[in-house]
Amino acid sequence: MTFEHLGQTAAMGPLLQIEVETQLLKDLSAYGINSKGLSIDWSDACQEGHCTSAIDGNLEELSGVAVIDSNGVPDAEGWIDFVHGGGNQPLFVFWLFLSIVRDDKWIKIKDKPNIPHHLWPAIPDSTKHACTTATTYDARWSNDPLVVEWKRAQRP
């Protein structure tokens, strides 16, 4: 899969793409979706601005990312985003917004642009700290409810 239509900021190398796809498919299970036989379709992805460099390429927050079955039929669609403290910090990719198809209808199952509760415990404190202020690496998340609560709990 190539990302030429997305420009340089979302130029994922093959290792980063595998990691992102693996995490996105795994994230579906938190919403009750069995990802067996599903794959990520990047063909309508659109850059949304939040960027990072990781593994062997660059990742940008993207809308229009689809999940398709083995016949190419859409099963889900949404925006993806990530938490990454920069450098060698671990990368956490998730669905920022997510809609699924059930009984031939699209249903929104994640409609708040927040870090998911199910992901938060896995994020190390060093990465959480990088989210706490508007001047650090993951400043995009400084007002996220989980980040605000964590920052408050860190005060002596």
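Observations regarding the overall build of the protein
Scanning the protein from terminus to terminus reveals 3 helices and 6 strands. Listed N to C, the secondary structure of the protein is α-β-β-β-β-β-β-α-α in terms of helices and strands. Its C-alpha radius of gyration of 16 Å places the protein within 12% of the 15 Å reference for a compact globule of 156 residues. The dimensions of the protein, computed from C-alpha atoms along their principal axes, are 55 × 35 × 20 Å. Taken across its 156 residues, the protein has 45% of its residues classed as buried.

Observations concerning the pattern of salt bridges
On inspection of all chains with the given rule, the structure shows 3 salt bridges. When the shortest N-O distance is used, the salt bridge between Arg-102 and Asp-75 registers 3.8 Å. With Arg-102 in strand E5 (residues 91-102) and Asp-75 in strand E4 (residues 74-84), this residue pair connects regions lying 27 residues apart in the sequence. The salt bridge involving Asp-81 is made with Arg-140; its shortest N-O contact spans 2.7 Å. Residue Asp-81 is located in strand E4, and its partner Arg-140 is located in the loop between helix H2 (125-130) and helix H3 (145-154); the two are separated by 59 residues in the primary sequence. Beyond isolated ion pairs, a larger network of salt bridges with shared partners links Glu-61, Asp-81 and Arg-140.

Rules of the game
- Residues numbered from 1 in each chain as written.
- Predicted model: local features only at pLDDT ≥ 70, side-chain atom pairs only at ≥ 80, totals over all residues.
- Heavy atoms only, no water.
- Helix = DSSP H or I, 4+ residues; strand = E, 2+ residues; numbered from the N terminus.
- Rg over C-alpha atoms; globule rule 2.2 N^0.38 Å.
- Buried < 20%, exposed > 50% of the residue type's maximum accessible area, 1.4 Å probe, protein only.
- Salt bridge = Lys/Arg side-chain N within 4 Å of Asp/Glu carboxyl O.

Everything listed here is a matter of coordinates, which is why it stays silent on function.
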